[in-house]
Amino acid sequence: MVDVSVAAPQERAPQRRRQRGRSDSLMPGGGHGRFWWYLLPGFVLLTVIVLVPLLWNIYLSFTSYRGIRPPKFIGLNNWVRLFGDDKFWTSFGNSIAMVIAMVVIPTLVGLILAAMLFDLIGKKFGGKLASFLRATYYLPQILPVVIAAIVIGWILRPDNGALNTMLQAVGLGQFAHNWLGSPDTALASIMAVMVWVQLGYPVVIFMAALQRVDPELYEAAELDGANWLQRFRSITVSIIRPEIFVVTLTCTIAALKVFGPVYTLTRGGPGNATMVPSVYSYSEFFQSQQVGYGATIATALTVVIIAVSILFIIAQNRAERRENEI
């Protein structure tokens with residue numbers, strides 16, 4: 001005679017395993033690859049918003065198109081015109097100035113400020129003051145670009161702008177200038193504005209990265225007689241190198257495709273003193289109605305951004321391998 005109390009659980013065990021297998025297959029990543037359905041909305045949006053416009057833009061770069069009649073294929077004519085276009089190379093040179101203003105200066109200054117806020121201000125005056133100063137530096141990042149540009153335009157007005165008014169009030173009226181209307185100072189003025197706008201981003205990223213640095217490293221280095229600059233070079237820069245690569249790459253991409261502040265403040269003028277590729281492409285698209293040539297400029301800018309991104313990733317991988325070998 002079989003003991004039912006023992007046999008029943010043994011008979012039910014295979015059934016429970018089969019039910020558990022069916023339930024597991026319904027979970028993301030289990031069974032029949034059902035997790036792909038969760039990625040489908042992202043793929044659809046990527047295709048509709050990014051890939052299709054990108055491919056259409058590349059096609060238009062080989063056409064003559066004014067936005068009314070169907071595009072007419074003209075081969076490499078737009079590209080030949082681009083490489084011989086002095087205005088495009090001027091705009092590309094101005095992009096290098098934007099890289100200096102939005103990448104080089106903010107990254108270096110932001111790294112120093114973040115280290116000072118974390119290692120000096122936070123240690124002597126407490127974390128609340130350091131957090132307040134960090135938020136102050138980041139404030140321009142959360143302002144709408146157009147509104148910030150309009151306010152800066154009011155400050156730099158030649159007649160009644162705040163900057164010229166202050167110079168006259170302190171007896172330095174001879175230095176009053178048409179900052180955005182003169183080819184000599186327009187690009188430098190926009191560069192100064194972009195440094196102010198961009199500075200808070202690396203400060204926040206670097207201070208977040210410094211949270212994973214063991215404070216005992218600073219204390220040990222200080223006990224060994226290392227000054228702040230030596231601690232900064234040997235500890236801070238060494239540990240947060242991955243974040244430095246990320247900030248440099250993202251800021252470089254932002255500098256190459258900058259549009260809003262330049263268009264709002266100067267629209268690329270006076271002359272071509274502040275023209276950048278994105279504004280030049282926009283003017284060809286919507287003002288000159290040379291859609292094919294505007295698409296060529298935008299495609300060339302995309303190629304440059306992709307190439308720069310690949311070079312940054314290669315450099316970062318090499319630096320990581322070199323560090324692992326050591």
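All values derive from a computational prediction rather than experimental measurement. (Residues numbered from 1 in each chain as written. Predicted model: local features only at pLDDT ≥ 70, side-chain atom pairs only at ≥ 80, totals over all residues. Heavy atoms only, no water.)

**Quick look at the overall build of the protein**
Right, on to step 1. Check the secondary structure of the protein and you find 15 helices and two strands.
Right, on to step 2. By the burial criterion, 37% of the 326 residues in the protein qualify as buried.
Right, on to step 3. Total accessible area on the protein stands at roughly 19,600 Å², and carbon and sulfur atoms take up 66% of it. (Helix = DSSP H or I, 4+ residues; strand = E, 2+ residues; numbered from the N terminus. Buried < 20%, exposed > 50% of the residue type's maximum accessible area, 1.4 Å probe, protein only. Areas by Shrake-Rupley, 256 points an atom, 1.4 Å probe, with all protein chains shown as cover.)

**What to know about the environment of Ala-135**
Right, on to step 1. Within the element layout of this structure, Ala-135 appears in helix 5 (residues 127-142).
Right, on to step 2. We classify Ala-135 as partly exposed; its relative accessible area is 49%.

**Regarding the confidence of the model for the protein**
Right, on to step 1. For the protein, per-residue confidence averages 85 on the pLDDT scale, and 90% of positions sit at 70 or higher.
Right, on to step 2. Ranking the elements of the protein by mean pLDDT puts helix 1 (residues 4-25) last, at 50, and helix 3 (residues 77-83) first, at 95.
Right, on to step 3. Overall, residues 4-8 carries pLDDT values under 50, and its contacts beyond four positions in sequence, including any with other chains, amount to two contacts.
Right, on to step 4. Low pLDDT, under 50, characterises residues 21-29; the stretch is placed with eight contacts to residues that sit more than four places away or in other chains. (pLDDT = per-residue confidence, 0-100. Contact = heavy atoms within 4.5 Å.)

**Thoughts on the pattern of salt bridges**
Right, on to step 1. Inspection of the entire model under this criterion finds one salt bridge.
Right, on to step 2. Here Arg-212 and Glu-243 are joined by a salt bridge, their closest N and O atoms 2.8 Å apart. Taken together, the residues Arg-212 in the loop between helix 9 (200-210) and helix 10 (215-223) and Glu-243 in helix 12 (residues 241-256) connect sequence positions 31 residues apart.
Right, on to step 3. On the accessibility criterion, Arg-212 (46% relative accessible area) is partly exposed.
Right, on to step 4. Taking the relative accessible area as the measure of exposure, Glu-243 reaches 18% and is therefore buried. (Salt bridge = Lys/Arg side-chain N within 4 Å of Asp/Glu carboxyl O.)

**Comments concerning the side chain of Ser-91**
Right, on to step 1. By secondary structure assignment, the location of Ser-91 is in helix 4 (residues 86-125).
Right, on to step 2. Here Phe-88 takes part through its backbone oxygen, which lies 2.5 Å from a polar atom of the side chain of Ser-91.
Right, on to step 3. What Ser-91 contacts, discounting residues up to four positions off in sequence, is Met-275, Val-276, Pro-277 and Tyr-280. (Polar contact = N/O pair within 3.5 Å; in protein donor to acceptor, adjacent residues only side chain to side chain.)

**Let's talk about helix 6 (residues 145-155)**
Right, on to step 1. Considered for burial, the residues of helix 6 that qualify are Ala-148, Ala-149, Ile-152 and Gly-153. End-on view of helix 6: buried residues confined to an arc of 140°, all on one side of the axis.
Right, on to step 2. The inward-facing, buried residues of helix 6 contact helix 8 (186-198) and helix 13 (260-265). (Arc of directions from axis to C-beta.)

**Describing the packing of helix 10 against helix 11 (residues 228-239)**
Right, on to step 1. Remark: helix 10 packs on helix 11, axes separated minimally by 10 Å, with the N-to-C direction vectors making an angle of 160°. The orientation of helix 10 with respect to helix 11, classified from their angle, is roughly antiparallel. Note that helix 10 runs across helix 11; the crossing there is right-handed. For the pair formed by helix 10 and helix 11, the contact residues are Leu-217, Tyr-218, Ala-221 and Glu-222 on the first element and Arg-231, Ile-235, Thr-236 and Ile-239 on the second.
Right, on to step 2. Classifying every residue of the contact of helix 10 with helix 11 gives five nonpolar, one polar and two charged. (Axes fitted to C-alpha atoms, helices over the stretch in contact; angles between N-to-C directions. Parallel < 35°, antiparallel > 145°, perpendicular 65-115°, else oblique. Left-handed = near helix turned anticlockwise from the far one by under 90°. Nonpolar A, V, L, I, M, F, W, Y, C, P; charged D, E, K, R; others polar.)

**Points about the packing of aromatic side chains**
Right, on to step 1. If you walk through the whole model with that rule in mind, you get twelve aromatic pairs.
Right, on to step 2. Taking 6.4 Å as the distance between ring centres and 40° as the angle between the ring planes, the aromatic pair formed by Phe-83 and Trp-89 counts as tilted.
Right, on to step 3. On the basis of relative accessibility, which here comes to 56%, the residue Phe-83 falls in the exposed class.
Right, on to step 4. Given a relative accessible area of 41%, Trp-89 falls into the partly exposed group.
Right, on to step 5. Ring centres of Tyr-280 and Tyr-293 lie 6.3 Å apart, and the angle between their planes is 80°; this geometry places the pair in the edge-to-face category. In this pair, Tyr-280 sits in helix 14 (residues 277-286) while Tyr-293 sits in helix 15 (residues 291-325), placing the two residues 13 residues apart along the sequence.
Right, on to step 6. Note on Tyr-293: relative accessible area 1%, which makes it buried. (Phe/Tyr/Trp six-rings, centres within 6.5 Å; stacked < 30°, edge-to-face > 60°.)

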